[in-house]
Amino acid sequence: MERVETEVVEKSEISNLERQEEAGEENLNINNLPEGCISDILSLTTPADACRSSLVSALFKSAANSDALWEKFLPADYQQIISRAFSSVSSDPSFASPVNTYSKKELYHRLCVNPILIDGGLKSFQLEKCSGKKYTPVYWRWLGFPGSRFVEVAQLIYVWWLEIRGKVETRLLSPKTLYGAYLVLKLTNNAYGFNVPVKARVEVVGIAGGGSIVCSEERRLYLDPRNGKPSELIEEDQFFAQVRGDGWMEVEVGHFYNEGEDLAGEVRMAVLETERGVVKSGLVVQGIELRPKVDLNNANP
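As the structure is a computational prediction, the values presented were derived from the model and not from experiment.

Taken as a whole and judged by the stated rule, the model has five aromatic pairs. Pairing Phe145 with Trp248 gives two aromatic rings, centres 5.5 Å apart and planes at 55°, and the pair type is tilted. With a gap of 103 residues between them, Phe145 in the loop between β4 (140-143) and β5 (153-156) and Trp248 in the loop between β11 (242-243) and β12 (249-258) connect regions that are remote in the sequence. Judged by relative accessible area, which is 23%, Phe145 ranks as partly exposed. In this structure Trp248 comes out as buried when scored by relative accessible area, which is 0%. Each ring, one from Tyr222 and one from Phe240, has its centre 4.7 Å from the other, and the planes form 10°; the classification is stacked. Here Phe240 lies in strand β10 (residues 238-240) and Tyr222 lies in strand β9 (residues 219-222), a separation of 18 residues in the sequence. Owing to a relative accessible area of 9%, Tyr222 belongs among the buried residues under this scheme. On the basis of relative accessible area, Phe240 is assigned to the buried category, the value being 12%. Taken together, the aromatic side chains of Trp70, Phe73 and Tyr108 make up a single cluster linked through ring pairs.

A positive phi angle, near 50°, is found at Lys176, a position not held by glycine. Along the chain, Lys176 turns up in the loop between β6 (162-169) and β7 (177-192). The exposure class of Lys176 is partly exposed, given its relative accessible area of 43%.

With that settled, consider the side chain of Gln286. When you line up the elements, Gln286 lands in strand β14 (residues 281-292). Look at Gln286 and you get buried, because its relative accessible area is 10%. A polar contact is formed between the side chain of Gln286 and the backbone nitrogen of Arg149, at a distance of 3.0 Å. Apart from the residues within four sequence positions on either side, Gln286 is in contact with Ser148, Arg149, Phe150, Val153, Val184 and Trp248.

What follows concerns helix α7 (residues 104-113). Buried within α7 are the following residues: Lys104, Leu107, Tyr108, Leu111 and Cys112. Down the axis, α7 shows its buried residues gathered within 140° of arc, on one side only.

What counts, and where the lines are drawn
Residues numbered from 1 in each chain as written. Predicted model: local features only at pLDDT ≥ 70, side-chain atom pairs only at ≥ 80, totals over all residues. Heavy atoms only, no water. Phe/Tyr/Trp six-rings, centres within 6.5 Å; stacked < 30°, edge-to-face > 60°. Helix = DSSP H or I, 4+ residues; strand = E, 2+ residues; numbered from the N terminus. Buried < 20%, exposed > 50% of the residue type's maximum accessible area, 1.4 Å probe, protein only. Polar contact = N/O pair within 3.5 Å; in protein donor to acceptor, adjacent residues only side chain to side chain. Contact = heavy atoms within 4.5 Å. Arc of directions from axis to C-beta.

This is the structure:
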């Protein structure tokens, strides 16, 4: 009988120990932690890790989407930076509603995929998606291109607001001549965002711009020839890129009349699309070419 009683006692002690161990494991279950504590833990990882953690459980998903977590992933001065936006972020097409109505996670995502212009449009602000670190996006790159007269041309990588500007002194041009300014370009096979018109203008500033210079009115340019219209439907201020003999395309930005070489002045040319907020990529620009439009004897400004 003593042996049986001993075995019963030993089994009872083992069962109690197992229950204690199970209770301890239950108390140590991370899902029993408060959501705020899990949020603090996730803030020590990366935005990418935090997103992956939402698959663990409903509690983790809630913590991974919380404002408390994404506030820590955003730069400490993000509100100050947004307040310096060139155009109000709330009116930016990338934000469908005012900024203060977005969750911190949504705001983080938009600042990663849609850079904003700040400080009068002279700087850009964006976040690196995986780490949340600030960086300045590269919009253009310079590279060699077959058939170009220059060693390098400018290729557009990614931009919302397109701005191409050029200038030249009038004294470098022939006097008593009507000039046309032509944007020389190509589109890569994967180019997109040019199904909307861009604005273009030419103006002469300085002494030479004092009434004796005739410049064209602002016009709309279509850089993708696939958007061409039948000639009878083209409006007066619409101009379409055309393929020329050297394989490049060109479209007339505008024209001006150069009165004389003794008049100091500067011709300024601009191609702009800063209103529609359409993402653009794949434009290759060789330059803006100035050449006489007609024979000097037939010039009629």
